Amino acid sequence: MPKHSIFIDVPSTILGKKWTSINGAITVGENILDTLLTTLPNKILLTDSSLSESTDYLNKKHISPTNISSHSDFNETLLKSLSNDSPSLVYNLSVPFPSYALSLRNASKMPIPYIGQIHSLSSLNTLTILRHFAFNTTIGDGLIVPSESSKRICQDWIESWTQKPCHLSIQTVPFGVNTSKFKPVSSHSKLKAQFDLPSSKTVVLSLARINPKTKTDIFVTIQNFSQLLESCPDAFLWVVGESTNKDYLKFLTDYIKDKTLEDSIQIETNVDHDSIETYMQASDIFLSMSDHFSENFGISPIEGMACGLPVILTDIAGQSDHIQNGDQGFVIPTLGAHPSSELDALFNCSSSADFGDAMIQSIAYDNQLFRENLKRLIDSPSLRTKMGVSARNTVLEKFSNQTMSKNYQKAFDNFIKNAPPKNRWTFPSLPFHDVTSKYSQSTTSILDATTLLTLSTYGKKIMKNEDSFYGMETHLNRFPLIPSILNQLGNSSLSKKDIETALNLDRSYKIDATIMYLIKHNLIDCVIS
């Protein structure tokens, strides 16, 4: 099989760094992008970012130069790939709404698989994006998801919308981490001193955004820990994360102060995200007590495990797949209420924060079992070491960036291998059919294959360097065939069909557009048959 050409469709939110706060999905997306750009052969970066933004991103990440194609050039680049008979696919790193490349693929009816990536399914907005994707894709297209629970959710939603079996091939590829960055350190003492942590205490780390409406109600953990201190006075809870809810942060700090827990519980909100691994390397145990159903994977526990920490996790969604209970840490079971009309109304009619608040407060975990297992780890350094080694080995085997890259390449191979033959592709109907005819201004005549074209007097002067041509840079970039067409007409008049044959291009939309531009700007004249 010829080598694959993989178009990695990346939005400007990643390459252009167009966000103001840390976003988990974007951070994960960056890691996937960087890993694929440094490991995938024959990749082409497809983006709506400017060339300078894309180049700056690659330079800052020390990634060697990569073929970059703008959305406006997508058709030409893809046609070149297809004309070489090289199997290709488009992988969309984030499934934005609407997807330019997907719409262009459908409009151009190109038999090439389009593969989306799902990071989260936590809100009406993310489901709207998935629904748009479901109705604008066809057999041969697919999704990549980080966990088996995400796969099941996507299949269920798509089948409920389309009222037929899911047409998308959905493959599970767990997220990975940089195991050279996230790794154990030989001694915690320097890092503990750096963060002003008590050197003699067992540090229990909870690392997540501090907001009870988005991920975790950390107050429950603090309450449990305060009870645990009676039997484990040498334990220390370190809560690290950006505070996105000032009232909640004040509530937590007031509770700690009222209970005089300042010597045993510390909240750190000024987080250095570029050195996030150091928080884990300074700790002894990692907690991820998520109580929101949107936890499709949970990357932070993997990072903690890579640093050699035993973990305690709730069994919510994707993160429960990370460990075997009792081997790399402990999984705490959760309890939930039956689905309610109240939650349905909040999901569809309220903000994601209000829905998240209600959802989080409707899920509880086994507090007693949590305290018992945490105490076991606090009381036993040898158990922490044993589980931490197992956790690190699990990440090296299943969740390293190297493993993730191999899994992506395997998934891409499967998508291409299982794509329907080119003559069996069917494409979704577009919202507007034959747009140009519907919006036609009823011009006197239409450019067609027999239209005779010749250089104008002005065009001949330009070709002889006797005059200069002035055109906007954006137009010149949009019509790369200008020099080729002018050269073809340098010696004689030709029909549009003659030019198409001479240039050996099987699709004429760029030729038509370029010819019209040249006629409009008086470089060529035409004779309508």
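Residues numbered from 1 in each chain as written. Predicted model: local features only at pLDDT ≥ 70, side-chain atom pairs only at ≥ 80, totals over all residues. Heavy atoms only, no water.

K.L.:
Help me understand the overall build of the protein in this model?
P.N.:
When helices and strands are tallied, the protein shows 23 helices and 18 strands. Its C-alpha atoms give the protein principal-axis dimensions of roughly 95 × 50 × 45 Å. Scored against the burial criterion, the 529 residues of the protein give a buried share of 48%. Total accessible area on the protein stands at roughly 25,900 Å², and carbon and sulfur atoms take up 50% of it. (Helix = DSSP H or I, 4+ residues; strand = E, 2+ residues; numbered from the N terminus. Buried < 20%, exposed > 50% of the residue type's maximum accessible area, 1.4 Å probe, protein only. Areas by Shrake-Rupley, 256 points an atom, 1.4 Å probe, with all protein chains shown as cover.)

K.L.:
Looking at this structure, how should I read the pattern of salt bridges?
P.N.:
In a structure, side chains of opposite charge can pair up when their charged atoms sit close to one another. Tallying each qualifying case throughout the model produces 10 salt bridges. Put simply, Lys192 and Asp284 hold a salt bridge, and the shortest N to O gap is 3.3 Å. Residue Lys192 is located in helix H8 (residues 189-194), and its partner Asp284 is located in the loop between helix H11 (276-281) and strand E11 (285-288); the two are separated by 92 residues in the primary sequence. Overall, the relative accessible area of 12% leaves Asp284 in the buried class. One salt bridge connects Glu500 with Lys496, and the closest N-O pair in it is separated by 2.8 Å. Here Glu500 and its partner Lys496 are both found in helix H22 (residues 496-503), 4 residues apart, which amounts to about one turn of the helix. The same class applies to Glu500 and to Lys496, which are both buried. (Salt bridge = Lys/Arg side-chain N within 4 Å of Asp/Glu carboxyl O.)

K.L.:
Would you take a moment to explain the environment of Phe225 for this structure?
P.N.:
Its place among the elements puts Phe225 in helix H9 (residues 218-228). Each C-alpha atom of the pair Phe225 and Trp238 lies 11 Å from the other, and the pair is 13 residues apart in sequence. Residue contacts for Phe225: discarding those within four places in its chain leaves Val204, Ala235, Phe236, Leu237, Ser264, Ile265 and Leu374. (Contact = heavy atoms within 4.5 Å.)

K.L.:
It is not clear to me how the packing of H9 against helix H10 (residues 246-258) should be interpreted in this structure. Could you clarify?
P.N.:
When two helices pack together, you describe them by how their axes are tilted relative to each other and by the distance separating the axes. Look at H9 against H10: their axes get within 11 Å of each other, and the N-to-C directions meet at 5°. Overall, the two elements H9 and H10 adopt an arrangement that is roughly parallel. Touching Ile218, Phe219, Ile222, Gln223 and Ser226 of H9 are Tyr248, Phe251, Leu252, Tyr255 and Ile256, all from H10. Here the residues of the contact of H9 with H10 are counted per class, giving 8 nonpolar, 2 polar and no charged. (Axes fitted to C-alpha atoms, helices over the stretch in contact; angles between N-to-C directions. Parallel < 35°, antiparallel > 145°, perpendicular 65-115°, else oblique. Nonpolar A, V, L, I, M, F, W, Y, C, P; charged D, E, K, R; others polar.)

K.L.:
Looking at this model, I keep getting lost on helix H12 (residues 299-306). Mind explaining?
P.N.:
Two residues of an α-helix separated by three or four positions point the same way, owing to the 3.6 residues in each turn. With 7 of 8 residues buried, H12 is to be regarded as a mostly interior element. All of the buried residues along H12 are Ser300, Pro301, Ile302, Glu303, Gly304, Met305 and Ala306. Looking at the buried positions of H12, the neighbouring elements they touch are strand E8 (202-207), H11, E11, strand E12 (311-314) and helix H16 (381-399). Looking one or two residues past H12, Gly308 carries a phi angle of roughly 85°, positive in sign.

K.L.:
So what exactly am I meant to see when it comes to the environment of Leu377 here?
P.N.:
Mapping Leu377 onto the fold places it in helix H15 (residues 367-379). The spacing of Leu377 and His119 is 258 residues in sequence and 32 Å in space, taken between C-alpha atoms. Other than its neighbours up to four places away in sequence, Leu377 contacts Ile285, Pro310, Ile312, Phe330, Leu383, Arg384 and Met387.

K.L.:
Looking at this structure, how should I read H10?
P.N.:
Relative to the 18 Å expected for 13 residues at 1.5 Å per residue, H10 spans 18 Å between its end C-alpha atoms, a close match to the ideal helical length. For H10, the full list of buried residues reads Tyr248, Leu252, Tyr255 and Ile256. The buried residues of H10 occupy an angular sector of 100° when projected down its axis, which confines them to one face. The exposed set on the far side of H10, more than 90 degrees from its buried face, consists of Lys246, Asp247, Lys250, Lys257 and Asp258. Where H10 begins, one side-chain oxygen reaches toward the backbone nitrogen of Asp247, 3.3 Å away; that side chain belongs to Asn245. One or two positions beyond H10, positive phi appears at Thr260, with a value near 50°. (Expected span 1.5 Å × (residues − 1). Arc of directions from axis to C-beta. Polar contact = N/O pair within 3.5 Å; in protein donor to acceptor, adjacent residues only side chain to side chain.)

K.L.:
Help me understand the sheet that holds strand E9 (residues 235-240) in this model?
P.N.:
For sheets, the rule is that strands pair by backbone hydrogen bonds, running either parallel or antiparallel. Pairing is parallel across the open sheet formed by 6 strands, whose spatial order is E10-E9-E8-E11-E12-E13. For this open sheet the edge positions go to strand E10 (265-268) and strand E13 (329-332), each flanked by a neighbour on one side alone. Taking each pair of neighbouring strands and ignoring which way they run, the sheet shows an average axis angle of 20°. (Pairing = 2+ DSSP bridges.)

K.L.:
Would you explain the nonpolar core in this entry?
P.N.:
General note: in soluble globular proteins, nonpolar side chains tend to be found buried as a group. Leu33, Tyr91 and Trp238 are the most contacted members of the largest nonpolar core, which totals 59 residues. The residues contacting Trp238, other than those within four sequence positions of it, are Phe195, Leu197, Val203, Val204, Leu205, Ser206, Gln266, Glu268, Tyr279, Ala282 and Ser283. Residues Leu102, Met110, Ile158 and Trp161 belong to the second largest nonpolar core, which totals 35 residues. (Core = buried A, V, L, I, M, F, W, Y, C linked by side-chain atoms within 4.5 Å.)

K.L.:
Sorry if this is basic, but what is going on with the sheet that holds strand E17 (residues 494-495) here?
P.N.:
One open sheet holds the 3 strands; their spatial order is E17-E16-E18, and the pairing between them is antiparallel. Two strands bound the open sheet, and with one partner strand each, they are E17 and strand E18 (524-527). Two strands pair when backbone bridges link them, and strand E16 (residues 452-455) and E17 are joined in this way by 2 bridges, in the antiparallel orientation. Bridge pairing in E17 places Leu453 opposite Leu494.

K.L.:
In this structure, what is going on with the pairing of strand E6 (residues 142-145)? I would like to understand it.
P.N.:
Consecutive residues of a regular strand have side chains that alternate between opposite faces of the sheet. Side chains Gly142 and Ile144 of E6 all project onto a buried face; the interleaved residues Leu143 and Val145 project onto the opposite face, where all are buried too. Summarising the sheet, strand E5 (residues 114-117) and E6 pair through 3 bridges and their orientation is parallel. Looking at E6, one finds that Gly116 is bridged to Leu143. Once the chain exits E5 it traverses helix H6 (residues 124-135) before rejoining the sheet at E6, and the crossover so formed is right-handed. For E6 and strand E7 (residues 169-172), the ladder comprises 4 bridges, and the chain directions are parallel. In the sheet register, Gly142 faces E7, and the bridge partner there is Ser169. Once you follow E6 into helix H7 (residues 148-162) and on to E7, the crossover reads as right-handed. (Right-handed = clockwise from strand over helix to strand, strands pointing away.)

K.L.:
How should I be thinking about the pairing of E9 in this particular structure?
P.N.:
Counting buried residues along E9, 6 of its 6 residues qualify, which places the element largely inside the surrounding structure. Along E9, one buried face is formed by Ala235, Leu237 and Val239 and the opposite face, lined by Phe236, Trp238 and Val240, is buried too. With 6 bridges joining them, E8 and E9 adopt parallel strand pairing. Looking at the pairing, Leu207 lines up with Val240 of E9.

K.L.:
When you look at the packing of aromatic side chains in this model, what are you seeing that I'm missing?
P.N.:
Ring pairs (aromatic) are described by centroid distance and by the angle formed between their planes. This model, assessed by the stated rule, comprises 17 aromatic pairs. Consider the rings of Phe469 and Tyr517, whose centres lie 6.5 Å apart with planes at 85°: the pair is edge-to-face. Taken as a pair, Phe469 in the loop between helix H19 (457-463) and helix H20 (473-478) and Tyr517 in helix H23 (residues 509-520) lie far apart in primary sequence, 48 residues in all. By relative accessible area, Phe469 is classed as partly exposed at 24%. In this structure Tyr517 comes out as buried when scored by relative accessible area, which is 6%. A connected cluster of aromatic rings, assembled from ring pairs, spans Phe219, Tyr248, Phe251 and Tyr255. (Phe/Tyr/Trp six-rings, centres within 6.5 Å; stacked < 30°, edge-to-face > 60°.)

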